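Structural characterization, general
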Amino acid sequence: MALRWGFVSAGKICSDFAACLRSLPEDHKVVAVAARNLDRAKEFAKIHDVPQAYQGYNKIAEDPNVDIAYIGSVHNYHYEHALLMLQHGKHVLCEKPLCLTEAQAKDIIAEARKRNVFFMEGVWSRFFPVYQKIREIVGSGQLGPIKIVIANFGDCFLDVERVCKKDTAGGAILDKGIYAIQLASMVFGGQKPTSVSSNGYLLDTGVDGISSTVLKYPNNAMAVLNSSIMCDFPNEAFIMGEKKKIKVCFPFWCPTRIEISDAEKIIEVHEFPLPEIKGDFIYTNATGMQYEVAAVGKYIKEGAKESPLMSQNESIVIAGIMDKARHDLGYYYDDEK
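Residues numbered from 1 in each chain as written. Predicted model: local features only at pLDDT ≥ 70, side-chain atom pairs only at ≥ 80, totals over all residues. Heavy atoms only, no water.

Strands pair in a sheet through their backbones, by hydrogen bonds, and they do so in one of two ways: parallel or antiparallel. Spatial strand order, S3-S2-S1-S4-S5-S6: 6 strands in an open sheet with parallel pairing. The sheet is open, and its two edges are formed by strand S3 (52-55) and strand S6 (119-122), each paired on a single side. Between one strand axis and the next, the sheet turns through 20° on average, direction left out of account. Bridge count between strand S4 (residues 68-71) and strand S5 (residues 91-95): 4 bridges; the pairing is parallel. Its bridge partner being in S5, Ala69 is matched across the sheet by Val92. (Pairing = 2+ DSSP bridges. Helix = DSSP H or I, 4+ residues; strand = E, 2+ residues; numbered from the N terminus. Axes fitted to C-alpha atoms, helices over the stretch in contact; angles between N-to-C directions.)

Here it is, written out as structure tokens:
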């Protein structure tokens, strides 16, 4: 029987995710979508062949035909929407960032464990074949002890209102930086850094416009993670060990190519083509969401409550890193002051 999905929001990311779900019709089906505006939900339902459109997200939580809720709403609503779905016994896949603070992340995960349902933060990067290859290479010791991860993610988003406003939890760290943070966290095994420090600049709206965050790990290892909504970066990443290094080519958060080099030259290249899915996709390499969809379906079928590739404890660690990075820059939410 296909896993039945209910969509919390009818925005752009939900559109791409729905198209990937529809590419696996034997295992997944979108049965309902909800939005604040009923016309928006109906339009989404028509485009993606969804049988039920609702006004109000509580309708997804109350729908007995929904097995799992996909939360694609704006960042500042993730906490509220995730708790609502969990309290009604739904499995949940919540888009990144999971929520706004480490304390909220702990609340959500405690609720998921209490309800004994599957819950995961939707860090889709973790399910790309390139990321699997990175884990294999790092784990094999081929690079030698990892000394530094450098990741850059920046786009000029100053004309995107949601990303520039504090009341929608905007800023570069939450929107871009999380991808760099999760890569470093994966390379260093999900452990909590020994220290986190960040420097940069805030926009006049109070959210971070550009920053550099340094994470320190045991054995003299570190990560330097740069994020921006003020200018474009190369959007590549590097994982450097004592013997060799990996370049995660653009776009490093949804990549199809890595290059392994020694001190002099490229010695290996690994490429993985994206799934071919018909449709008009909005985000870069969005057909790669199919990897995440397939993995979540497999976890739930097997009775798992979380993913070993994106664990609940690691989501808490990442949320804590983002808290410290924001606070170093002077970015506090109104209720944090």
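Right, let's talk about the packing of helix H1 (residues 12-22) against helix H9 (residues 289-302) for a bit. Between H1 and H9, whose axes approach to 9 Å, the crossing angle comes to 65°. Note that H1 runs across H9; the crossing there is right-handed. Counted together, Ile13, Asp16, Phe17, Cys20 and Leu21 of H1 and Met289, Gln290, Glu292 and Val293 of H9 form the full contact between these two elements. Partitioning the contact of H1 with H9 into residue classes produces 6 nonpolar, 1 polar and 2 charged. (Left-handed = near helix turned anticlockwise from the far one by under 90°. Contact = heavy atoms within 4.5 Å. Nonpolar A, V, L, I, M, F, W, Y, C, P; charged D, E, K, R; others polar.)

Here we come to the packing of aromatic side chains. Tallied over the entire structure, the rule returns 16 aromatic pairs. Ring centres of Phe153 and Trp253 lie 4.0 Å apart, and the angle between their planes is 15°; on these two criteria the pair is classed as stacked. Of this pair, Phe153 sits in strand S7 (residues 146-154) while Trp253 sits in the loop between strand S12 (245-248) and strand S13 (257-261); the two residues are 100 residues apart in sequence, bridging distant segments of the chain. Owing to a relative accessible area of 4%, Phe153 belongs among the buried residues under this scheme. Through successive ring pairs, a cluster of aromatic residues spans Trp5, Phe7, Phe17, Phe44 and Tyr70. Its guanidinium or amino end placed over the ring of Tyr331, Arg326 lies 5.4 Å from that ring's centre, counting from NZ or CZ. (Phe/Tyr/Trp six-rings, centres within 6.5 Å; stacked < 30°, edge-to-face > 60°. Buried < 20%, exposed > 50% of the residue type's maximum accessible area, 1.4 Å probe, protein only. Lys NZ or Arg CZ within 6 Å of the ring centre and 35° of its normal.)

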